[in-house]
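# Structural description and commentary
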Amino acid sequence: MTRLKFSLSISLDGFVAGPNQSRENPLGEGGMALHEWAFAARNADDAEAEYANLWSKNVGAVIMGRNMFGPIRGDWGDQQWNGWWGDDPPYHTPVFVLTHHARDPLEMQGGTTFHFVTDGIEAALERAAEAAAGRDISLGGGASTARQYLRAGLVDEMALHVTPVLLGQGEPLFEDLGDVLGGYECVELAASPVVAHFTYVRKVA
């Protein structure tokens, strides 16, 4: 069964990116510190590496917001931004980008094709589910996109990698969600000196 899930690094005070995001600093001021554990885990052969790669496990499609794809605002114009990841993005699946501005699909190396969805989160989810063909759908971020799907009650699983970093400001994950979070339960907790991994799933009615 296809599930919608996300795996995000988050500061102890609830931010998934720092303030003042820009083309030169896509994670905002201090935001790179949230991911140091994952960068270190890439060269390891242990449980930390498994957590670092959760976002791609059994994933057949990805959904992300416009800000996650690139820094351009408004109409695409002549700036044909192709993402932060170079010619061979790490997704290797269809990626559905939420935007208000239409653009033709962008085919990259390694099996990644970006599709630009202008008719909302439900339409993106429907297209992603079809593309995933029974595998899971990963919410790649950012915080605003994750909040929209949480608010709509569409997220099945959350992996939160909580780092001992205090950013003070930035992009909050849990904001204006009402009582939505009460519908989830923690099913796994694992911790090291640099990060704590929490897995939440939707409660069975």
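Located above this text is the structure these notes cover.
Heads up: these notes are all about the structure in this document. Please read all numbers here as calculations on a predicted model, not as lab measurements.

Parameters at a glance
- Residues numbered from 1 in each chain as written.
- Predicted model: local features only at pLDDT ≥ 70, side-chain atom pairs only at ≥ 80, totals over all residues.
- Heavy atoms only, no water.
- Helix = DSSP H or I, 4+ residues; strand = E, 2+ residues; numbered from the N terminus.
- Buried < 20%, exposed > 50% of the residue type's maximum accessible area, 1.4 Å probe, protein only.
- Contact = heavy atoms within 4.5 Å.
- Areas by Shrake-Rupley, 256 points an atom, 1.4 Å probe, with all protein chains shown as cover.
- Lys, Arg positive; Asp, Glu negative; His and termini not counted.
- Charge placed at Lys NZ, Arg CZ, Asp CG, Glu CD.
- Salt bridge = Lys/Arg side-chain N within 4 Å of Asp/Glu carboxyl O.
- Core = buried A, V, L, I, M, F, W, Y, C linked by side-chain atoms within 4.5 Å.
- Phe/Tyr/Trp six-rings, centres within 6.5 Å; stacked < 30°, edge-to-face > 60°.

A count of helices and strands for the protein chain gives five helices and 11 strands. Along the three orthogonal principal directions, the C-alpha set of the protein chain runs to about 45 × 40 × 35 Å. Burial status across the protein chain gives 45% buried among its 205 residues. For the protein chain, restricting intrachain contacts to residue pairs at least 6 apart in sequence, the fraction spanning at least 24 positions comes to 64%. Roughly 10,500 Å² of accessible area belongs to the protein chain as shown, and the carbon and sulfur atoms make up 50% of that amount. One finds the centroid of the 14 positive side-chain charges in the protein chain at a distance of 3 Å from the centroid of its 27 negative side-chain charges.

Once that is clear, we can look at the pattern of salt bridges. Counted under the stated rule, the structure contains four salt bridges. The salt bridge involving Asp136 is made with Arg3; its shortest N-O contact spans 2.7 Å. Here Asp136, found in strand β7 (residues 136-141), pairs with Arg3, found in the segment before β1 (4-11); they are 133 residues apart in sequence, far enough to count as distant. Judged by its relative accessible area of 1%, Asp136 falls in the buried class. Linking Arg202 and Asp156 is a salt bridge whose minimum nitrogen-to-oxygen distance equals 3.2 Å. Linking Arg202 in strand β11 (residues 196-202) with Asp156 in the loop between α5 (143-151) and β8 (157-163), this pair joins segments that are 46 residues apart in sequence. According to the relative accessible area criterion, Asp156 is partly exposed, its value standing at 22%. One network of salt bridges, with partners in common, ties together Arg3, Lys5, Asp136 and Glu157.

Turning our attention to the nonpolar core. Counting 30 residues, the largest nonpolar core has Leu4, Phe6, Ile63, Tyr149, Val155 and Leu173 as the members making the most contacts within it. Elements supplying a minimum of two residues to this core: β1, β3 (59-65), β4 (94-98), α4 (121-132), β7, α5 and β8. Counting residues per element, this core draws most heavily on α4, which supplies six residues. In this structure, Phe6 is in contact with Leu139, Ala146, Leu150, Val155, Glu157, Met158, Ala159, Leu160 and Leu173, ignoring residues within four places of it in sequence. Counting residues in hydrophobic clusters, the runner-up holds 14 residues, among them Trp81, Tyr91, Val97 and Met108.

Moving on, we get to the environment of Leu12. Positionally, Leu12 belongs in the loop between β1 and β2 (15-17). Taking the C-alpha atoms as reference points, Leu12 and Gly70, separated by 58 residues in sequence, lie 26 Å from one another. Apart from residues lying up to four places away in sequence, Leu12 is in contact with Val162, Thr163, Val165 and Leu166.

Within the secondary structure layout, Arg147 lies in helix α5. Although Arg147 is buried, it forms no salt bridge, and the closest oppositely charged side chain is Glu175 at an N-O distance of 4.4 Å. The contact partners of Arg147, leaving out residues within four places of it in the chain, are Pro172, Leu173, Glu175 and Leu177.

Those residues of α5 lying buried are Ala143, Thr145, Ala146, Arg147, Tyr149 and Leu150. Where α5 terminates, the next one or two residues include Gly153, which has phi positive at roughly 70°.

What follows is about the packing of aromatic side chains. Two measures describe an aromatic ring pair: the distance that separates the ring centres and the angle between the ring planes. Inspection of the entire model under this criterion finds 11 aromatic pairs. With a centroid separation of 4.9 Å and 65° between ring planes, the pair formed by Phe69 and Phe114 is classed as edge-to-face. Separated by 45 residues along the polypeptide, Phe69 in helix α3 (residues 66-69) and Phe114 in strand β6 (residues 113-117) bring together distant segments of the chain. The two residues Phe69 and Phe114 agree in class, both being buried. For the pair Trp85 and Phe114, a centre-to-centre distance of 5.7 Å together with 20° between the ring planes defines the contact as stacked. Separated by 29 residues along the polypeptide, Trp85 in the loop between α3 and β4 and Phe114 in strand β6 bring together distant segments of the chain.

Interpretation in functional terms is not warranted from these geometric data alone.
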